[in-house]
Amino acid sequence: MTATKPAPARRWSAGAQRPLVEAGEIVHLLGRVLWLAIRHPFGYWGEVRDLMFETLRRCWLPVIISTTALGFAGPGMQGGSLYSVLGIPDRLGSFLLMASVREFAPWIDAMIVAGVMGTAIAADLGARRIREEIDAMEVLGVDPVRTLVLPRIIAVTLMTGLLEVFALVCGVIGGYIAAVPIFGATGAAFIGNFWSNATTTDMWGSIVKTLAFGLILSVVCCYKGLNAQGGPIGVGRAVNQAVVISFASIWIFNYVYTSALLGLNPDMQVFK
């Protein structure tokens, strides 16, 4: 006779395996979406356009307000205080490049899109699942991944990258407001110092990072919505899990991506 694991051990083992299983299923969904997009890239761009407009309509104002406020209060006021003590407030532009372009602008952009559109996607797909609409589509031979998931992932990914333009500009404007009127920096010196330190890698690296953020959060939210179960309570649970997993995944990816980018481009760490 073989000994069976006690109930607490079985529950612990299942709890430890579940995140790994879900991670594998999310990666599988991503691969399936990429294959469908490459295999037959037609028939869904109208819905992609509508979803992109919906994302822009819901997210542009929170992105502008949040990045301007954080650019003013974070690197603007905190960095300006330090630079003012050192007598170099004109050089705050280089600090804004590091803080805004490389880090908090992409991060805030992704957090807002995840909180606004990610929750909407997870709730919509979850509601369709518990109403058995997705099951009916599968019975009729309609692929719900191509019909429902693919347009949402493309739209959210693209709009997260486009909203990054708003985030970058507004973050720098917030820092400019703190540096020039409050700490007495020269406007031309602030802007000149910013552009003398900015590199092409900084710009495309920030955009690529934000596109990856959008892809990650859209796939996670679609996965949790498709696999919602347990009625309305289950949909709410799926939405909550989608946002938490999206945030954690973005933080992990940001650490790996930034470390690799700085390691491959050491000139980005030299401030002029």
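For the structure given in this document, a descriptive report is provided here. A quick note: this is a predicted structure, and the numbers were derived from the prediction, not measured. Residue indices begin from 1 for each chain and proceed along its sequence in written order. This being a predicted model, a pLDDT of at least 70 is required before a residue's local features are given, and a value of 80 or more before pairs of side-chain atoms are given or counted; all residues contribute to the totals for chains, interfaces and linings. Water and hydrogen atoms play no part in the side-chain values, which are based on all heavy atoms of the structure.

### Let's talk about the overall build of the chain
Operational definition: Helix and strand labels come from DSSP, where a helix needs a run of H or I of at least four residues and a strand needs a run of E of at least two; each type is numbered from the N terminus. The buried label goes to any residue with under 20% of its type's maximum accessible area, the exposed label to any with over 50%, and the partly exposed label to all in between, with areas taken from a 1.4 Å probe on protein chains only. Every residue pair with non-hydrogen atoms within 4.5 Å of one another is taken to be in contact. Note on areas: Shrake-Rupley, 1.4 Å probe, and residue coverage restricted to the protein chains presented here.
Across its full length, the chain holds 8 helices and 0 strands. Put simply, the chain runs from its N terminus to its C terminus through helices and strands in the order α-α-α-α-α-α-α-α. Projected onto its principal axes, the C-alpha coordinates of the chain cover approximately 75 × 55 × 35 Å. Counting every position in the chain, which comprises 272 residues, the buried fraction comes to 44%. Looking at the chain alone, contacts between residues at least 24 apart form 84% of all its contacts between residues at least 6 apart. Put simply, the chain shows about 13,800 Å² of open surface, and 70% of that area lies on carbon and sulfur atoms.

### A word on unusual backbone geometry
One non-glycine residue, glutamate 132, lies in the positive phi region at around 65 degrees. The topology assignment puts glutamate 132 in the loop between helix H3 (92-130) and helix H4 (133-139).

### Observations concerning the packing of aromatic side chains
Short version of the rule: The rule is short: rings of Phe, Tyr and Trp, with Trp giving its six-membered ring, pair when the centres are within 6.5 Å, and they are stacked under 30 degrees, edge-to-face over 60, tilted in between.
Within this structure, the stated rule accounts for 7 aromatic pairs. Here the aromatic rings of tyrosine 44 and tryptophan 45 are separated by 5.2 Å at their centres, their planes lie at 35 degrees, and the arrangement is tilted. Relative accessible area serves as the criterion here: at 43%, tryptophan 45 is assigned to the partly exposed category. With centroids separated by 6.2 Å and ring planes inclined at 40 degrees, the aromatic side chains of phenylalanine 247 and tryptophan 251 adopt a geometry described as tilted. Of this pair, phenylalanine 247 and tryptophan 251 both sit in helix H8 (residues 231-264), 4 residues apart, which is roughly one turn of that helix.

### A few points about the side chain of serine 100
Relative to the helices and strands, serine 100 is located in helix H3. Discounting residues that sit within four places of it in the chain, serine 100 has contacts with Ala105, Pro106, Leu168, Gly171 and Val172.

### A short note on helix H6 (residues 187-197)
An α-helical turn contains 3.6 residues, so a residue and the one three or four places further along point in the same direction. The cut-off we apply is this: Arc definition: directions from the helix axis to the C-beta atoms.
Along H6, the residues that are buried comprise Gly187, Phe190, Asn193, Phe194 and Asn197. Burial along H6 is one-sided: seen end-on, the buried residues are contained in an arc of 140 degrees. Seen from the buried face of H6, the exposed residues on the opposite side, beyond 90 degrees, are Ala188 and Trp195. Lining the buried residues of H6 we find H3, helix H5 (144-182) and helix H7 (200-226).

### A look at empty space enclosed by the protein
Note the threshold: The way it works is a 1 Å grid over only the protein atoms, where trapped points that fit a 1.4 Å probe form a cavity and open points with protein on both sides within 12 Å along at least five of seven lines form a pocket, and then any residue with an atom within 4 Å of a point lines it. Grid points are joined across faces, edges and corners, and a volume is the space filled by probe spheres set on the points. Three categories are distinguished: nonpolar for Ala, Val, Leu, Ile, Met, Phe, Trp, Tyr, Cys and Pro, charged for Asp, Glu, Lys and Arg, and polar for the others, with Gly belonging to the last.
Taken as a whole and judged by the stated rule, the model has 1 cavity of 30 Å³ or more. In this structure, the largest cavity spans a volume of roughly 60 Å³. Every residue along the wall of the largest cavity is listed here: Val101, Arg102, Glu103, Asp202, Gly205, Ser206, Lys209, Thr258, Leu261 and Met268. Among the elements that take part in the lining of the largest cavity, H7 stands out by supplying 4 residues, more than any other. Per-class residue counts for the lining of the largest cavity are 3 nonpolar, 3 polar and 4 charged.

That's the geometry; what it means functionally is another story.
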